[in-house]
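Residues per chain, in single letters:
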Amino acid sequence: MRPLGIAVACAILAGPAAAELVEVKLTPGETVDKRFTVAPGKFAELCSALQRGQVVLWQFRADAPVDFNVHYHVGKSVEYPERRAGISDANGRLTANLKESYCWMWTNRSTTPIALDVRLNDPGR
């Protein structure tokens, strides 16, 4: 089973309030906007299969601090091109090192729900 499939299966088995996992197809010239409400102690994840060398400009803003990372899997290993704790907004540029599914993930360590707005953009070549 591919890593993204494992994540989807885990989210489904854990129940509807456990997490939100959204997979999108991000093609050159496309922008994806998504709004999440991250439950206390849970996470939200936005994933896209990227081609090697594909560029994604990303940004987010949350109502309160969250832990944030961008990750992908290489076998059983997880690689983190970006990882930050306790932030409420950030932006950056990701260039995919491998043809793989990359995920932007936010974890709510607080006791209240946190609203989160995300934008991913592939500016094309």
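Residues numbered from 1 in each chain as written. Predicted model: local features only at pLDDT ≥ 70, side-chain atom pairs only at ≥ 80, totals over all residues. Heavy atoms only, no water.

A. The arrangement of the packing of aromatic side chains in detail. Enumeration over the complete set of coordinates arrives at six aromatic pairs. With 4.6 Å between their ring centres and 45° between their planes, Tyr 72 and Tyr 102 make a pair best called tilted. One end of the pair, Tyr 72, is in strand E4 (residues 55-74); the other, Tyr 102, is in strand E6 (residues 100-107), with 30 residues separating them in the sequence. The same class applies to Tyr 72 as to Tyr 102, namely buried. Chaining the aromatic ring pairs together yields one cluster made of Phe 36, Trp 58, Phe 60, Phe 68 and Trp 106. Above the face of the Phe 36 ring, Lys 34 is positioned so that its terminal group lies 5.2 Å from the ring centre. In this structure, Arg 83 packs its charged tip against the face of Tyr 80, placed 3.6 Å from the ring centre. (Phe/Tyr/Trp six-rings, centres within 6.5 Å; stacked < 30°, edge-to-face > 60°. Helix = DSSP H or I, 4+ residues; strand = E, 2+ residues; numbered from the N terminus. Buried < 20%, exposed > 50% of the residue type's maximum accessible area, 1.4 Å probe, protein only. Lys NZ or Arg CZ within 6 Å of the ring centre and 35° of its normal.)

B. Quick look at the environment of Val 22. Structurally, Val 22 is set in strand E1 (residues 19-23). Put simply, Val 22 and Leu 46 are 24 residues apart on the chain and 4.9 Å apart in space, counted from C-alpha to C-alpha.

C. Highlighting the confidence of the model for the protein chain. This prediction gives the protein chain a mean pLDDT of 88; 85% of its residues lie at or above 70. A low-confidence stretch, residues 1-16 (pLDDT under 50), is modelled with 10 contacts involving residues beyond four sequence positions or located in other chains. (pLDDT = per-residue confidence, 0-100. Contact = heavy atoms within 4.5 Å.)

D. Fine view of the side chain of Asn 69. Of note, Asn 69 is situated in strand E4. The exposure class assigned to Asn 69 is buried, which follows from its relative accessible area of 11%.

E. Highlighting the state of the cysteines. Overall, the coordinates contain one disulfide when judged by the stated rule. In this model, Cys 47 is linked to Cys 103 through a disulfide, with the two sulfur atoms separated by 2.0 Å. Residues Cys 47 and Cys 103 are joined by a disulfide whose S-S torsion is about 110°; by sign, that bridge is right-handed. Of this pair, Cys 47 sits in strand E3 (residues 43-50) while Cys 103 sits in strand E6, and the two are 56 residues apart along the sequence. (Disulfide = S-S within 2.5 Å.)

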